[in-house]
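Structure assessment
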Amino acid sequence: MQGHSPDERKTVAGKRNVAILEVNPIGNYAVRLVFDDMHSTGIFSWDYLFELGQNRTRYWQDYLDDLAGKGLAR
């Protein structure tokens, strides 16, 4: 989870198959996602979502490495 600053960043474990239930528009610049674990905090800008897609492979490996380094699992 990103948070507003690097100090707020948390590694979320135990979430292997979380699905998106809703995509709610926030103006023309972002969306709020509702996940099937009922997590719905945070607003995701279109630019941020594009960046996630563009860098998916690297970000995914960083996440898996972070989990492994903390002894956690998906």
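See the structure above.
Quick caveat, the model's predicted, so the values are computed rather than measured. (Residues numbered from 1 in each chain as written. Predicted model: local features only at pLDDT ≥ 70, side-chain atom pairs only at ≥ 80, totals over all residues. Heavy atoms only, no water.)

A separate point is the overall build of the protein. Counting its secondary structure elements, the protein contains 2 helices and 3 strands. Going from N to C terminus, the protein has its helices and strands arranged as β-β-β-α-α. When each of the 74 residues of the protein is scored for burial, the buried share is 12%. Residue pairs in contact within the protein that sit at least 24 positions apart in sequence constitute 23% of those at least 6 positions apart. If you sum the accessible surface of the protein, you get close to 5800 Å²; carbon and sulfur atoms cover 53% of it. (Helix = DSSP H or I, 4+ residues; strand = E, 2+ residues; numbered from the N terminus. Buried < 20%, exposed > 50% of the residue type's maximum accessible area, 1.4 Å probe, protein only. Contact = heavy atoms within 4.5 Å. Areas by Shrake-Rupley, 256 points an atom, 1.4 Å probe, with all protein chains shown as cover.)

This part is about the sheet that holds strand S1 (residues 20–26). If you walk across this open sheet you meet the 3 strands as S1-S2-S3, and the pairing is antiparallel. Two strands bound the open sheet, and with one partner strand each, they are S1 and strand S3 (44–45). (Pairing = 2+ DSSP bridges.)

So, on to unusual backbone geometry. Backbone geometry at Met38 places phi at a positive 70°, although glycine is not the residue there. The class of Met38 is exposed, set by a relative accessible area of 59%.

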